Amino acid sequence: MELKNAVAVVTGANRGLGRQLAAQLVEHGAKVYAAARRPETIDLPGVTPLRLDVTDQESIREAARIASDATLLINNAGISTGATLVGGDLDEVRREMETNFYGPLVATRAFAPVIEGNGGGSVLNVLSVLSWWHPAGGGSYAASKAAAWALSNATREELAPRGITVSALHVGYMDTDMAAGVPADQKTSAADVAAQALLGIATGLPEILADDTTRQVKQSLAALNAA
């Protein structure tokens, strides 16, 4: 997909990876709707703030109506509650699934006809190395990202005839608020991850593996499936 002159909607664009994606898209010459629950928190020059709460279907539908020229949807907004699956708060598990799985699903359903009507384009889902690696301590988050990986694979097949490609970005520790407690030398910069993600979109990669940890886990998964 050509990023210059693309029209992108980036969810969770007020900070972290979403902010980097929005900023770099502007640098590539794209028009960017920077979406957030509180659009007043968007402080990037050159973007159009857009209210979008991924847990609110009406706000998603309204965002799709406003961004009627969109050709690229980046499902970046997400949360990590730290809940475990057996002992954790079930409401937190549900909240994580609502945000990390149902949010991208509803957004994709809302924007797919928009993107198709504008001649086709792309969807990027921001996932995690925990799509494939499921430690007990992060069971809820891992389950939501594993579900979002399945969502990415299934919608890729479903949307291909409509001229829409679907890419999944997988990354381990990244230098954002979500990994604030992780030592700096164990994290990849959000700017670097954003650059890799946009290159992956531009070249049509179905999966974008943004760090060594993620590549090693995916390689191990492939070896396990081949055994």
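Anything mentioned here points back to the structure above.
Cut-offs and rules
Residues numbered from 1 in each chain as written. Predicted model: local features only at pLDDT ≥ 70, side-chain atom pairs only at ≥ 80, totals over all residues. Heavy atoms only, no water. Helix = DSSP H or I, 4+ residues; strand = E, 2+ residues; numbered from the N terminus. Buried < 20%, exposed > 50% of the residue type's maximum accessible area, 1.4 Å probe, protein only. Contact = heavy atoms within 4.5 Å. Pairing = 2+ DSSP bridges. Right-handed = clockwise from strand over helix to strand, strands pointing away. Arc of directions from axis to C-beta. Polar contact = N/O pair within 3.5 Å; in protein donor to acceptor, adjacent residues only side chain to side chain. Salt bridge = Lys/Arg side-chain N within 4 Å of Asp/Glu carboxyl O.

> Please provide a residue-by-residue account of the environment of Ser59, values included.
When you line up the elements, Ser59 lands in helix H2 (residues 57-66). By relative accessible area, Ser59 is classed as buried at 4%. Excluding anything up to four places from it in sequence, Ser59 contacts Arg51, Leu52 and Asp53.

> Describe the pairing of strand E2 (residues 31-36), listing the residues and the values that go with them.
When you tally the buried positions in E2, you get five out of six residues, the bulk of the element. Here strand E1 (residues 7-10) runs beside E2; their pairing, made up of four bridges, is parallel. Along E2, the bridge assignment pairs Ala8 with Val32. For the handedness criterion, the β-α-β arrangement of E1, helix H1 (residues 16-27) and E2 is classed as right-handed.

> So, H2: which residues are in play, and what are the values?
Restricting attention to buried positions, one finds in H2 the residues Ser59, Ile60, Ala63 and Ala64. In an axial view of H2, the angular spread of the buried residues amounts to 140 degrees, which keeps them on one side of the axis. In this fold, the buried residues of H2 make contact with strand E3 (48-51) and helix H3 (90-117). Regarding H2, its N-cap is Asp56, as a side-chain oxygen of that residue lies 3.0 Å from the backbone nitrogen of Glu58 further along.

> A description of the pattern of salt bridges should follow, citing residues and the corresponding values.
Applying the stated rule across the entire model yields eleven salt bridges. Glu62 is the partner of Arg65 in a salt bridge, and the nearest nitrogen-oxygen pair spans 2.6 Å. One end of the pair, Arg65, and the other, Glu62, are both in helix H2, three residues apart, so they sit about a helical turn from each other. The class of Glu62 is partly exposed, set by a relative accessible area of 31%. The salt bridge partner of Arg162 is Glu116, with a shortest N-O separation of 2.9 Å. Of this pair, Arg162 sits in the loop between helix H4 (139-159) and strand E6 (164-170) while Glu116 is found in helix H3, placing the two residues 46 residues apart along the sequence. The class of Glu116 is partly exposed, set by a relative accessible area of 35%.

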